[in-house]
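Understanding the architecture of this molecule
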Amino acid sequence: MTPRPQDRPTPSRKAHSGQPGPGSFFSPPRVLLGMVFAATFLSYILLLTKNYYWDGIFFAHTVEGAPRLNASLVHPSHLLDMVFQYVIYRAVLLTGLQPRALTVMQVSNCIFAALAACVFFRICLKSFKSLYVSLIATALFAFSATWWKFSTDANSYILAVLLLLLCFRLALPQRTPRPFRLAMVHVLAMFVHQLSVLFFPVAIAALIFQCRGMPRNDQIKCLAKYALTVASVTVAVYFAMFYLATGSLSVRAFATWITYFSPEHGFTFSVWNNLVYTLRSQWRVFFGGRTGFVRDLWGPVILTMGAGSLLMVLALFGLVLRRLSELKAAVTAAIRERAQFKPLTTLCSIWALVYIVFLFFFIPQNTFYRLFYLPALVILAGTFLTTIGRSPNHVRRYRAALFAAAVFLSNLTLSQYPSSQVRANPPLQLALTLNQTWPAGTTVYFASSNSDNLLFRYFNPGSVWVEVSPAILARDVSVLPPSGRSGWLETTLIDQFEATAEGKAWLDTHTLMAPEYELVNRKHRIRFRQLNAESFTEVDGTQASRLP
């Protein structure tokens, strides 16, 4: 039976118009996400920092030095981050490429950071229902000074924050509760960095919001499912890694291990100093850079970007001053109407306050720790912008857009572009100079490891580094470099020699002064002195130093 015309299915209007449907790869939401990813990723990858974070060099050195997955890749503060990085690095090597681990880690962070910007944009779009506010908030997040800089560096913070953003997306008040999924993503964040544990109260509060209206027993089951999953999986994996790293089953030793932090840092209870550090580091999260960068790198590029930043700031001030009364009225109306975002602002407030209180006492000068709650602050600002936009008789003046553009250009000029230049990192400049000076097999003697000599070791992979004390170096002929190989002393060993009159005499006799291989100023103390081969004599067919 032939169907009548009115019985036949009618093609959709979108099919006739050629517009992509919601599930299409080229649907508007996916195109927007693609644009956000492309813009942020290009801004990161084209400006990889040369002003490296000290732990990043350590991570790269450890990853390259590990012959396989082993305990050297496990650290209590960032339990499995180096394991993840090792897997990524080895996967890249399998393609036939031969990059340094540092480069692989920087590029992977660029990808993680761009994905974080996409997740953040989706959260904003879902919460604010405003493309304008969502784009501004995403720009403020993605191009805030510390986030931008660390997105182009090697560190564990970017991946951890990406996972926390995925947690927050699952925790949005309007979503269906998924306690097990939320727990597993949160566990992964904690495996990347320990500070992710402070997101726990946010997750609990979010599940309470999501479970409203459910029977009380179901609410309790939902919370218990999340809490028990997080606790059991986290403790089990941490203890397994502790046993792998130490071979111990002691609960007391385990508690000490998981609470480890660098001995030179820790908790401090000077309220005034902590307040100053907190305010300073919070400012630096959004606005970074140093005027010294501009002075050292002054030229057409810096001049052009600086002029653009200044014009943006002047335009913003002019627009604010011209419409000041209108802005005051809009802000007043927005304050009265904030209740529409109460669940979201409650969650973000808990998120920010928990971290702010903890970091007020724990190494408050560490700006990069504040990345863990940066999304919460920007979302809170986004709720305020959205409420202003919905206030009666509001006229959009694009002040927020100008502010976001000014932040972008300012951080580009004062922080990100200078940081991408080798000249911004004088120790790196010296390390690369020595890379051209030291032939393969050069032996460098040092007394103790630190971030400076690790950087020189990493960027001079053909050198051989030997940890030794002054007494052993001066008396034990077996540690001297083989005949025909050059030997150098590094800062930590030179300082120990110079601590005694005998050591100074030994240095004068057996080393060559090399001022061109020193970097000593208010910020740095790096010195290298070459062993003087002519000061050594042959004794019984072996080299021996003539002691003072």
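Residues numbered from 1 in each chain as written. Predicted model: local features only at pLDDT ≥ 70, side-chain atom pairs only at ≥ 80, totals over all residues. Heavy atoms only, no water.

1. Here's the deal with the pairing of strand E2 (residues 464-467)
When strand E1 (residues 443-446) meets E2, the two strands line up parallel, connected through four bridges. Bridge pairing in E2 places Tyr-445 opposite Val-466. A crossover links E1 with its parallel partner E2, the connecting element being helix H21 (residues 451-458), and its sense is right-handed. (Pairing = 2+ DSSP bridges. Helix = DSSP H or I, 4+ residues; strand = E, 2+ residues; numbered from the N terminus. Right-handed = clockwise from strand over helix to strand, strands pointing away.)

2. What about the packing of helix H5 (residues 101-128) against helix H8 (residues 157-171)?
Their axes nearest at 9 Å, the elements H5 and H8 cross at an angle of 20 degrees. Taken together, the axis directions place H5 and H8 in an arrangement best described as roughly parallel. The crossing of H5 and H8 is left-handed. Taking contact as the criterion, the partners of Asn-109, Phe-112, Ala-113, Leu-115, Ala-116, Val-119, Phe-120, Arg-122 and Ile-123 in H5 are, on H8, Ile-158, Leu-159, Leu-162, Leu-165, Leu-166, Phe-168 and Arg-169. (Axes fitted to C-alpha atoms, helices over the stretch in contact; angles between N-to-C directions. Parallel < 35°, antiparallel > 145°, perpendicular 65-115°, else oblique. Left-handed = near helix turned anticlockwise from the far one by under 90°. Contact = heavy atoms within 4.5 Å.)

3. A short note on the packing of helix H4 (residues 81-94) against H5
Relative orientation of the contacting elements H4 and H5 amounts to 110 degrees, with a least axis distance of 10 Å. As summarised for this structure, H4 and H5 are arranged roughly perpendicular, according to the angle between their axes. Of H5, the residues touching H4 (which contributes Gln-85, Ile-88, Tyr-89 and Val-92) are Ala-101, Val-104, Met-105, Ser-108 and Phe-112.

4. Thoughts on the confidence of the model for the protein chain
Averaged over every residue, the pLDDT of the protein chain is 87; the share at 70 or more is 90%. Across residues 538-548 the pLDDT falls below 50, and counting only partners more than four positions away or on other chains, this stretch makes 22 contacts in the model. (pLDDT = per-residue confidence, 0-100.)

5. A few points about the nonpolar core
Of all hydrophobic cores here, the largest spans 138 residues; its most connected members are Trp-147, Phe-168, Trp-351 and Phe-528. Take this core: its biggest share by element is 16 residues, from H5. Not counting the four nearest positions on each side in its chain, Phe-528 is found in contact with Leu-434, Trp-438, Val-444, Phe-456, Trp-465, Trp-488, Leu-489, Glu-490, Ile-494, Ala-514, Tyr-517 and Glu-518. Core analysis: the second largest hydrophobic core is formed by 14 residues, Ala-474, Val-479, Leu-493 and Phe-497 among them. (Core = buried A, V, L, I, M, F, W, Y, C linked by side-chain atoms within 4.5 Å. Buried < 20%, exposed > 50% of the residue type's maximum accessible area, 1.4 Å probe, protein only.)

6. Considering the side chain of Thr-387
Looking at the secondary structure, you find Thr-387 in helix H18 (residues 374-389). Residue Thr-387 is classed as buried on the basis of its relative accessible area, which comes to 1%. Among the polar contacts listed, one links the side chain of Thr-387 to the backbone oxygen of Thr-383, at a separation of 2.7 Å. (Polar contact = N/O pair within 3.5 Å; in protein donor to acceptor, adjacent residues only side chain to side chain.)

7. Section: the environment of Thr-176
Following the sequence through the fold, Thr-176 ends up in the loop between H8 and helix H9 (179-192). Residue Thr-176 is classed as partly exposed on the basis of its relative accessible area, which comes to 48%. In the structure, Thr-176 is positioned 31 residues away from Leu-207 in sequence and 9.1 Å away in space, judged by C-alpha atoms.

8. What to know about a nonpolar patch on the surface
Together, Trp-272, Leu-275, Val-276 and Leu-279 make up a nonpolar patch on the protein surface, roughly 420 Å² of accessible area in all. Residue position: Trp-272 is located in helix H13 (residues 271-286). A relative accessible area of 62% places Trp-272 in the exposed class. (Patch = residues over 30% accessible without salt bridge, like charges linked within 9 Å, V, L, I, M, F, W, Y side chains within 5 Å. Areas by Shrake-Rupley, 256 points an atom, 1.4 Å probe, with all protein chains shown as cover. Salt bridge = Lys/Arg side-chain N within 4 Å of Asp/Glu carboxyl O.)

9. Considerations on helix H20 (residues 426-437)
Its twelve residues place the ends of H20 17 Å apart at the C-alpha level, agreeing with the 16 Å of an ideal helix rising 1.5 Å per residue. Within H20 the residues assigned to the buried category are Pro-427, Leu-428, Leu-430, Ala-431 and Leu-434. Projection of H20 onto a plane perpendicular to its axis shows the buried side chains occupying an angular sector of 160 degrees, all on one side. Tucked into the core, H20 has its buried residues touching H21, strand E5 (518-520) and strand E6 (525-531). (Expected span 1.5 Å × (residues − 1). Arc of directions from axis to C-beta.)

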